[in-house]
Amino acid sequence: KEIFLQSSPFGLAGLFYLIYFQSDLIFLKYLAGEQAAGIYAAAFVVLMTIYYIPGVIYQKYLLPKVHSWANFDKEALLIVFQAGNGIMLTLGLILFLLIYFFAPLFMPMFFGEEYLESAGVLQILAVCIPIRFLTTSIESPLFTLNFMKWKTGIMGLVAFLNIVLNYLLIPSFSYTGAAIATVISELTLLILYLIAINLKIFGKETWKGWFIGFKKTFWISY
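Source: prediction; values computed, not measured.

Enquirer: Any chance you could break down the pattern of salt bridges for me, citing the residues and the numbers?
Expert: Summed over the entire model, instances satisfying the criterion amount to three salt bridges. Glu186 is the partner of Arg132 in a salt bridge, and the nearest nitrogen-oxygen pair spans 2.9 Å. Note that Arg132 is positioned in helix α5 (residues 128-139) and Glu186 in helix α6 (residues 148-200), a separation of 54 residues in sequence. Taken individually, Arg132 and Glu186 each receive the classification buried, so the pair is uniform in this respect. With a closest N to O distance of 3.4 Å, Lys208 and Glu205 form a salt bridge.

Here you go:
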């Protein structure tokens, strides 16, 4: 029973993640047709490929260190959290600009001229890139100690919001509505994570030191 109670937030987080990221395609297929779903899917594949970058950094490389810092060195946890926010936000903004301006060039090249409309969808979804990069850094302390239940609860709320937005927007705006629903959901997730971190973990320190990661002293120390 104890193992189940402690592991269930991680299982639910995975379920909410699937609902949140796959509901767009399901709603598009049944509310707007397979062609709209295909156009959106082409743009979505590019977005998910970019999402692997912060995922590898935080969930494959840094996550064990974050757990260690949370238990034994909270000062290091805070400093790396603050530095990571600035680095991820800056990297996300750079990739957003690249994707936004070059999407009309490479989408037909990779997927064919029939997917030219996907470039416009990707330009909307590109807004999610800096949001997701920052979110990945912001959420990292929520994986530790007893904070996972807060993370899972927030993901559940955003998954529900995403479903509602898709239901409301897709019938009128097709794949554009799905892209807008994704942007709103990503932004909501980021805001709720920030509120949770501010209230439960770092307080006012949440908002400080975001650009210490661009100082040489940070890299020497950490």
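Enquirer: Go over the packing of helix α2 (residues 34-72) against helix α3 (residues 74-111) with me, naming the residues and quoting the values.
Expert: At a minimum axis distance of 9 Å, the contact between α2 and α3 shows a crossing angle of 170°. If you check the angle between α2 and α3, you find them roughly antiparallel. Looking at the contact of α2 with α3 residue by residue, the classes come out as 22 nonpolar, two polar and one charged.

Enquirer: Can you tell me about a nonpolar patch on the surface, naming the residues and giving the values?
Expert: A grouping of Ile26, Tyr30, Leu31, Phe160, Val164, Tyr167 and Leu168 is seen on the molecular surface, where their side chains present a nonpolar patch of about 790 Å² in accessible area. Elements with a contribution of two residues or more to the nonpolar patch: α1 (2-31) and α6. Of all the elements, α6 adds the most residues to the nonpolar patch, at four residues. Mapped onto the fold, Tyr167 is located in helix α6. Among the residues examined, Tyr167 registers a relative accessible area of 53% and is labelled exposed.

Enquirer: Now, about empty space enclosed by the protein: what can you tell me, with residues and values included?
Expert: Applying the stated criterion across every chain, the model contains one cavity of 30 Å³ or more. As for the largest cavity, its lining consists of Tyr58, Leu62, Val66, Trp69, Leu77, Val80, Phe81 and Ser140. Counting only elements with at least two residues in the lining of the largest cavity, the list comes to α2 and α3. Among the elements that line the lining of the largest cavity, the one with the most residues is α2, at four residues.

Enquirer: Explain the packing of aromatic side chains residue by residue, including any values.
Expert: Counting across every chain of the model gives eight aromatic pairs. Between Tyr40 and Phe44 the ring centres are 5.8 Å apart and the planes differ by 20°, which places this aromatic pair in the stacked class. Remark: Phe44 and Tyr40 occur in helix α2; sequence separation between them is four residues, near one turn of the helix. Overall, the relative accessible area of 6% leaves Phe44 in the buried class. Taking 6.0 Å as the distance between ring centres and 25° as the angle between the ring planes, the aromatic pair formed by Phe211 and Phe214 counts as stacked. Assessed through its relative accessible area of 48%, Phe211 is described here as partly exposed.

Enquirer: Provide a residue-level description of the layout of surface pockets, including the pertinent values.
Expert: A volume near 530 Å³ is recorded for the largest pocket. Surrounding the largest pocket, 24 residues form its lining, Tyr17, Gly55, Gln59, Arg132 and Glu139 being those nearest its centre. Taken together, the elements giving at least two residues each to the lining of the largest pocket come down to α1, α2, α5 and α6. Ranked by residue count, the leading element in the lining of the largest pocket is α2, at nine residues. Of the residues in the lining of the largest pocket, the class split is 16 nonpolar, four polar and four charged.

Enquirer: Explain unusual backbone geometry residue by residue, including any values.
Expert: The backbone of Leu145 sits at a positive phi, close to 50°, despite the residue not being glycine. In this fold, Leu145 is placed in the loop between α5 and α6. One non-glycine residue, Ser174, lies in the positive phi region at around 55°. On the secondary structure map, Ser174 appears in helix α6.

Criteria and cut-off values
- Residues numbered from 1 in each chain as written.
- Predicted model: local features only at pLDDT ≥ 70, side-chain atom pairs only at ≥ 80, totals over all residues.
- Heavy atoms only, no water.
- Salt bridge = Lys/Arg side-chain N within 4 Å of Asp/Glu carboxyl O.
- Helix = DSSP H or I, 4+ residues; strand = E, 2+ residues; numbered from the N terminus.
- Buried < 20%, exposed > 50% of the residue type's maximum accessible area, 1.4 Å probe, protein only.
- Axes fitted to C-alpha atoms, helices over the stretch in contact; angles between N-to-C directions.
- Parallel < 35°, antiparallel > 145°, perpendicular 65-115°, else oblique.
- Nonpolar A, V, L, I, M, F, W, Y, C, P; charged D, E, K, R; others polar.
- Patch = residues over 30% accessible without salt bridge, like charges linked within 9 Å, V, L, I, M, F, W, Y side chains within 5 Å.
- Areas by Shrake-Rupley, 256 points an atom, 1.4 Å probe, with all protein chains shown as cover.
- 1 Å grid on protein atoms, 1.4 Å probe; cavity = no way out; pocket = protein on both sides within 12 Å on 5 of 7 lines; lining within 4 Å.
- Points joined across faces, edges and corners; volume = space filled by probe spheres on them.
- Phe/Tyr/Trp six-rings, centres within 6.5 Å; stacked < 30°, edge-to-face > 60°.

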